[in-house]
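# Examination of the molecular architecture
The chain contents come next:
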Amino acid sequence: LHRYNEKENNTGPAITKLRDAGYRLVATTLGEKTTALEEFDLEKGKIAIFFGTELTGLTNTVLEQADELLQIPIFGFTESFNISVSAAIIWKDYGCHL
């Protein structure tokens, strides 16, 4: 486990470290130009998944640096999931493959 919480604006160093280690950066978000969860390809290589906060989502830094944008399907009246639900949905679909 690597923590990047000792300084402000720690997103850049975390992204650099992950890229240097060969990870694809995948940002979970709503909107255009996203890949639906059921169409996401795990065969492309190892991934680092970024989740935003319920209130503000991901930072522009993460969204601009992401290799891929991933959309988790949402049904009903909700507009977003909390982070534990988002992680659980992805784990349910891909956990056995990660």
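Rules behind the numbers
Residues numbered from 1 in each chain as written. Predicted model: local features only at pLDDT ≥ 70, side-chain atom pairs only at ≥ 80, totals over all residues. Heavy atoms only, no water. pLDDT = per-residue confidence, 0-100. Helix = DSSP H or I, 4+ residues; strand = E, 2+ residues; numbered from the N terminus. Salt bridge = Lys/Arg side-chain N within 4 Å of Asp/Glu carboxyl O. Buried < 20%, exposed > 50% of the residue type's maximum accessible area, 1.4 Å probe, protein only. Pairing = 2+ DSSP bridges. Contact = heavy atoms within 4.5 Å.

## A word on the confidence of the model for the protein chain
Put simply, the protein chain has an average pLDDT of 81, and 80% of its residues get 70 or more. When mean pLDDT is taken per element in the protein chain, strand 1 (residues 24-28) scores highest with 93 and helix 3 (residues 83-94) scores lowest with 69.

## Re the environment of Lys-33
Structurally, the position occupied by Lys-33 is in the loop between strand 1 and strand 2 (35-36). Taking the C-alpha atoms as reference points, Lys-33 and Leu-69, separated by 36 residues in sequence, lie 7.1 Å from one another.

## Describing the pattern of salt bridges
When charged atoms on two side chains of opposite charge get close, those side chains can pair. Tallied over the full model, the rule gives 3 salt bridges. Arg-24 is paired through a salt bridge with Glu-68; the nearest N and O atoms lie 2.8 Å apart. Here Arg-24 is found in strand 1, whereas its partner Glu-68 is found in strand 4 (residues 68-71), with 44 residues between them in sequence. Residue Arg-24 shares its accessibility class with Glu-68, and that shared class is buried. Note on Glu-68: relative accessible area 14%, which makes it buried. One salt-bridge network, in which partners are shared between bridges, spans Arg-24, Lys-44 and Glu-68.

## Regarding the pairing of strand 4
With burial as the criterion, only one face of strand 4 is covered, namely that bearing Glu-68 and Leu-70; the residues Leu-69 and Gln-71 on the opposite face remain uncovered. By the bridge criterion, 3 bridges tie strand 1 to strand 4 in an arrangement that is parallel. Bridging from a neighbouring strand, Thr-28 pairs with Leu-70 of strand 4. Here strand 2 pairs with strand 4 via 2 bridges, running parallel. Across the sheet, Thr-35 pairs through a bridge with Leu-70, a residue of strand 4.

## Observations regarding the side chain of Arg-24
The class of Arg-24 is buried, set by a relative accessible area of 10%. In contact with Arg-24, not counting residues within four places along its chain, are Phe-40, Asp-41, Leu-42, Lys-44, Gly-45, Lys-46, Ile-47, Ala-48, Asp-67 and Glu-68.

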